[in-house]
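# Observations on the model geometry
The lines below spell out each chain.
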Amino acid sequence: MTENRRVIKAVIPAAGLGTRFLPATKAMPKEMLPVVDQPAIQYVVAEASKAGLTDVLMITGRSKRALEDHFDRVPSMEATLEAKGDTEKLRRVQEATDLGEIHYIRQRDPKGLGHAVLCAKQHVGNEAFAVLLGDDLIDERDELLSIMIDVQEKTGGSVIAVMEVEPEQISAYGCADVSAVDGEGYVKVNGLVEKPAVEDAPSNLAVIGRYVLHPRVFEILEETQPGRGGEIQLTDALETLAAADGPGSGVHAVVFRGRRYDTGDKLSYLQAIISLACEREDLGPDLLPWLKDFVAGR
Ligand code: UTP
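Let us look at the structure shown here. (Residues numbered from 1 in each chain as written. Predicted model: local features only at pLDDT ≥ 70, side-chain atom pairs only at ≥ 80, totals over all residues. Heavy atoms only, no water.)

## Focus on the environment of Asp142
For Asp142, the position within the fold is in the loop between β7 (136-138) and α7 (145-155). On the basis of relative accessibility, which here comes to 18%, the residue Asp142 falls in the buried class. Between the alpha carbons of Asp142 and Gly258 there is a distance of 5.7 Å; along the sequence they are 116 residues apart. Residues in contact with Asp142, not counting those within four places in the same chain, are Phe256, Gly258 and Arg259. From its side chain, Asp142 meets the backbone nitrogen of Arg259 in a polar contact 2.8 Å long. (Helix = DSSP H or I, 4+ residues; strand = E, 2+ residues; numbered from the N terminus. Buried < 20%, exposed > 50% of the residue type's maximum accessible area, 1.4 Å probe, protein only. Contact = heavy atoms within 4.5 Å. Polar contact = N/O pair within 3.5 Å; in protein donor to acceptor, adjacent residues only side chain to side chain.)

Here it is in structure tokens:
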């Protein structure tokens, strides 16, 4: 059920420098890198739309034009495909523009994810909102965002998503210290730490790129000083909210056990393409046997 939801706005930060993908990201945002045949960002906008989030604000950076163009119509291309009777390609081209109204705002200086979220303050106003990282893909067959929205409506604070990772991988992520909530499928967040050393990590629960936040986070972000890497970290603001009292305080977490791909990381990006392509009816039947032969020949 999404009809009567309070949360209707989605913020998609896509203004990072994407240095792990240089030089591919020199003139193009990493969120535009294709995953099979559509850019990563389109999967993310489609996920927001599926969860009933009808108002999308994208935080863009220097290379904003490619993102805006992708979600805009190209009437001449549509006319050419229509004249050729290529209805399948026409449908695929129109998919990106049919995802609804997208607003854009520029983060002039990429000072970190927390700063990117703060850029959405005026657009969001005083209501709970979702944040979906533009380089983090959740498989469309696995439900996450709508569960998080339900938990936010129930708890009234903010909600993050976490995933179990191998203990030695935790220093690549924000890490959550949590405790169980009686009779509930979600957990309470006691503390958060951004990219801890393996020996300092309070758990193996990694924070992934989906959030449903109370607007009080903006007040906290305004006061948050640059943290790890000299960036204003969303994790630091959430750590403050987790320990705060009063309206809008408190952070809970949904433990996600589905399929997730981080397209901002080279290895995970390649895994995303191979996994999704193997499952596609038009590619899987040819790709999978080839892949098996290729691996057997190594
Ligand atoms: P990352 O932590 O992956 O940072 O951002 P990055 O700078 O883009 O990538 P690398 O590490 O240099 O390769 C997570 C998400 O937050 C956005 C990114 O676009 C990505 O979707 N982001 C990050 C911003 O919008 N602004 C920022 O200042 C930083």
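## Some points on the nonpolar core
Among the nonpolar cores identified, the biggest contains 44 residues, and Ile41, Leu53, Met58, Leu132 and Leu145 are the most heavily contacted of them. Considering each element in turn, this core owes the most residues, 5 residues, to helix α1 (residues 40-50). Other than its neighbours up to four places away in sequence, Met58 contacts Ile12, Ala14, Ile41, Val45, Leu67, Phe71, Ile102, His103, Tyr104 and Ile105. (Core = buried A, V, L, I, M, F, W, Y, C linked by side-chain atoms within 4.5 Å.)

## Details of the packing of aromatic side chains
Scanning all chains against the criterion turns up 3 aromatic pairs. Here Phe129 and Phe218 contribute two aromatic rings whose centre-to-centre distance is 5.1 Å and whose plane-to-plane angle is 5°, an arrangement assigned as stacked. Note that Phe129 is positioned in strand β6 (residues 129-132) and Phe218 in helix α8 (residues 216-223), a separation of 89 residues in sequence. We classify Phe129 as buried; its relative accessible area is 0%. Note on Phe218: relative accessible area 3%, which makes it buried. (Phe/Tyr/Trp six-rings, centres within 6.5 Å; stacked < 30°, edge-to-face > 60°.)

## Observations concerning a nonpolar patch on the surface
On the surface, Trp290, Phe294 and Val295 cluster together to form a nonpolar patch covering roughly 320 Å² of accessible area. Along the chain, Trp290 falls in helix α11 (residues 284-296). For Trp290, a relative accessible area of 47% corresponds to the partly exposed category. (Patch = residues over 30% accessible without salt bridge, like charges linked within 9 Å, V, L, I, M, F, W, Y side chains within 5 Å. Areas by Shrake-Rupley, 256 points an atom, 1.4 Å probe, with all protein chains shown as cover. Salt bridge = Lys/Arg side-chain N within 4 Å of Asp/Glu carboxyl O.)

## Notes on the site of the ligand
By nearness alone, 19 residues border the ligand, and Thr19, Arg20, Glu31, Gln107 and Gly112 come closest of all. With respect to the ligand, the backbone of Gly18 contributes an N or O atom lying 3.4 Å from an oxygen atom. Residue Lys111 places a main-chain N or O atom 3.4 Å away from an oxygen atom belonging to the ligand. For the ligand, whose free accessible area comes to 570 Å², the fraction covered by protein is 85%. Elements that contribute at least two residues to the shell around the ligand include exactly β1 (9-14) and α5 (113-118). (Near = heavy atom within 4 Å.)

## A word on unusual backbone geometry
Omega for the peptide link from Leu22 to Pro23 comes to 5°, which places this bond in the cis form. One can find Pro23 in the loop between β1 and β2 (34-35). In this model, Val36 sits at a positive phi of 65°, which is unusual for a non-glycine residue. Considering the arrangement of structural elements, one finds Val36 in the loop between β2 and β3 (38-39). With a phi close to 40°, Lys195 is a non-glycine residue in the positive phi region.

## Some words on the side chain of Lys9
Looking at the secondary structure, you find Lys9 in strand β1. Lys9 gets classed as buried once you look at its relative accessible area, which sits at 12%. Apart from the residues lying within four places of it in its own chain, the contact partners of Lys9 are Leu53, Asp55, His123, Val124, Glu127, Phe129 and Ala130.

## Overview of the pattern of salt bridges
Tallying each qualifying case throughout the model produces 21 salt bridges. For Arg259, the salt bridge is made with Asp139, and the minimal N-O distance between the two is 4.0 Å. Here Arg259, found in the loop between β12 (251-255) and β13 (260-262), pairs with Asp139, found in the loop between β7 and α7; they are 120 residues apart in sequence, far enough to count as distant. The exposure class assigned to Arg259 is partly exposed, which follows from its relative accessible area of 34%. Take Asp139: its relative accessible area is 5%, and that puts it in the buried class. As a salt-bridge pair, Arg259 and Asp142 come within 2.9 Å of each other at their nearest N and O atoms. Taken together, the residues span a long stretch of sequence, with Arg259 in the loop between β12 and β13 and Asp142 in the loop between β7 and α7 at a distance of 117 residues. Connected via shared salt-bridge partners are Asp37, Glu88, Arg91, Arg92, Glu95, Arg280 and Asp282.

Interpretation note: all reported values are geometric properties and have no functional meaning in isolation.
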